[in-house]
Each structure stands twice: as C-alpha cells, then as structure tokens.
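Structure assessment
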Amino acid sequence: MAEELESKITDEHRAFIGRKSDPVSFTVREQDANRLLGLLDDHDPRWAAGSGKAPPYVLGLMQTARRGAMPSILPGGIMTQQEWRFTRPFRVGEELKAITQVIDIRDRLGGRYGYSVLVTSSTDFFDTNDEHVAAILITVTQFDPKAARGSE
Amino acid sequence: MSEMRSMNQRYFEDIRPDEELPPVEKLPTEDLAVEFFGRDNPVNPAFADAEAGRRMGVGGALVPGNLKLAWLVQYANDWAGPEGRVTSLRAVFRRPDVAGRPLTLAGRVVDLRQEDDRNIVELEVVTLAEGQPSVRGSMQVELPGRR
C-alpha cells in the first residue's frame, strides 16, 4: 500500500523559487588555481602557472559565493546532485559576480531518509562585462535525521 | 603550442559510441580532502577531521564531492586532449567516500553529434570505490574535427 505523503512544503517555501540573490563577488585567485593544480597533479599546459588561465575545476571552490536565501524545511541536509557548466575558461585574477536562485522544491518519499525534500538551486557566474562564464546547479536533499534509516 | 601538441589529441571522427575511456586510479588522502578547499576555509568539518566523519557514520574523513568532480573534469579533459574541452558535468552522489580508500575513474562514450558547428561527445562517467559507484555522472565534451 502506498504511503500517504504529507508535504511540509508551504507557500512560504515556494515563494523562494525564482527569487534571485544579490550579486556576490568571487575572485579567481592565482594561489587557489595553483593549489588545485598541485593537489590534482595536473600538468595541462592550458592552465599551467603563467598561462593566465585557471583550471575549470576552480568552479568547485565557488560554492562559497552561493549566498541566496534557501528555505530550511527539514533539519538535515546533504548534497545529492551537482552540475557544472562552463561557458568559457576562467582567467586568473578575474572577478566574477555570482547570482543564486532556488529553481525547484519538491517532496520525496522513500529511500534511506523516508520523507525528504529536494531543494534545487542554481548559481550563475558573470564577468565584469556581464558575460556568462559558468554555472553551478545543486540539489540538496533535506531530511529529518531522527526519521532517517541506518546507513546501507 | 608545441607542448600542447605533445598531449594526446582526440578527434571527433575517430570516436565511436561505447568506446571506453581508460580507467584511472586516484587515492584521496586525508590531506587532499582537507586541502581541496584550503586549510583556512573548511566548508564542512568532516572534510578536515576524521573523527567528525566517524561521528557522521562514514568511517573517516569525507572526500569532498567537489574533489571527485574536479577529478572527473580533469579525467575527461585529459582524454579529450588540448584542443578539446569539457563544457558540462552533471553528477549524482550515490554514497560518501572516505579518505584513504582508492577510487577508480571510468567512462564511456554514449553519444556523438554535431550541433551548431560543434562536435559534441556525451560521456557517462563514474567513480568506483571497491567496485561500487559513489558518483555517477554525464559529461559533455567538445572535440575538434580533423578537417
């Protein structure tokens, strides 16, 4: 028999969808690019030190620029999906503007968390000419740790 | 430029559906897990502290999901060669990985198409820990043509 779903998503939560954050600055720092190149043992000349380019995976550091209001519906949260999109290469030293918005909120029933809520948000990064550079899309599964089943 | 050309370049015309990318092994050490975001910027204490990871029930320091995505982007860029480029990665985190346990990166070509004068290759990629997928993803890569 199907479990009955009692949604905890309210109209107040739904009102977050589509609301854009204020822009947040993020600088592609040379020391971060070089640190990641060293950690990943990446010798690709396209973004080697001195090339003026940063490796595409510096995008992984830019989640610190994701500052938009996110609804907190359940007390626990874990990132379950992520998407990276690259419109053009990153330039070392450039300052980017990040704008975040919630794009979807939905209920989920089943799995290890029992009832959970999926909150999907996107962050777009623009350069000083307002040209699109990259984007991150993240889905966080919010859950109640007390209701979660033991790990598999 | 000559240095770039010394890397192995793939061309769109040479790629076949179902072609497998050579697997690559990575060892996510605890230092790597901590250093990815920088020691002065701990995004999540479980990346920096094996004990915190154990309290969360994952058995040690967590490997940041973004480190695994970074490896996958590097993996596909290396495969594509210097004139190719990764344009997107979509990943689902299936289970956490613990620092100190090796990961294998693997991939396969699932689709090829030409769109707006671009040569697009779709890859299916995965990180495997003890044979089990921890991240599954799909990637889009642009490759040059021979002509």
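Residues numbered from 1 in each chain as written. Chains lettered and ligands numbered in written order. Predicted model: local features only at pLDDT ≥ 70, side-chain atom pairs only at ≥ 80, totals over all residues. Heavy atoms only, no water.

1. Here's the deal with the nonpolar core
- The biggest cluster of nonpolar side chains holds 59 residues, and the ones touching the most others in it are Tyr57(A), Leu59(A), Met62(A), Trp84(A), Phe90(A), Trp79(B) and Leu123(B).
- A per-element tally of this core places helix α5 (residues 65–80) of chain B first, with 10 residues.
- When residues no more than four places from it in sequence are discounted, the contact partners of Leu123(B) are Leu21(B), Ala76(B), Trp79(B), Arg108(B), Val109(B), Val110(B), Gly137(B), Ser138(B), Met139(B) and Val141(B). (Core = buried A, V, L, I, M, F, W, Y, C linked by side-chain atoms within 4.5 Å. Buried < 20%, exposed > 50% of the residue type's maximum accessible area, 1.4 Å probe, protein only. Helix = DSSP H or I, 4+ residues; strand = E, 2+ residues; numbered from the N terminus. Contact = heavy atoms within 4.5 Å.)

2. Considering the confidence of the model for chain B
All names here are of chain B.
- When pLDDT is averaged along chain B, the result is 88, and 82% of the positions lie at 70 or above.
- Segment residues 1–6 is flagged for pLDDT under 50; beyond a separation of four residues in sequence, or across chains, it makes five contacts in the model.
- Among the scores for the predicted complex, ipTM is 0.90 and pTM is 0.91. (pLDDT = per-residue confidence, 0-100.)

3. Things to note about the side chain of Ser134(B)
Residue and element names in this part refer to chain B.
- With respect to the helices and strands, Ser 134 occurs in strand β5 (residues 132–142).
- Here the side chain of Ser 134 touches Thr 127 through a polar contact of 2.6 Å, side chain to side chain.
- Among all residues touching Ser 134, those that are not within four sequence positions of it are Val 92, Phe 93, Arg 94, Arg 95, Asp 97, Leu 103 and Thr 127. (Polar contact = N/O pair within 3.5 Å; in protein donor to acceptor, adjacent residues only side chain to side chain.)

4. A few points about the sheet that holds β5(B)
- Taken together, the 10 strands give an open sheet; going across it, the order is β1(A)-β5(A)-β6(A)-β7(A)-β3(A)-β2(B)-β5(B)-β4(B)-β3(B)-β1(B), and neighbouring strands pair in antiparallel fashion. Across the chains shown, the open sheet's two edge strands, defined by having one partner strand only, are β1 (24–27) of chain A together with β1 (20–26) of chain B. Across the sheet, the mean angle separating the axes of adjacent strands is 25° when strand polarity is ignored.
- Both β1(B) and strand β3 (residues 103–115) of chain B contribute to a ladder of five bridges, which runs antiparallel. When the bridges of β3(B) are listed, Lys26(B) appears paired with Leu103(B).
- In this fold α5(B) packs onto β3 (76–86) of chain A together with β1, β2 (85–93), β3, β4 (118–129) and β5 of chain B, with an angle of close to 145° to the strand it touches most, β2(B). (Pairing = 2+ DSSP bridges. Axes fitted to C-alpha atoms, helices over the stretch in contact; angles between N-to-C directions.)

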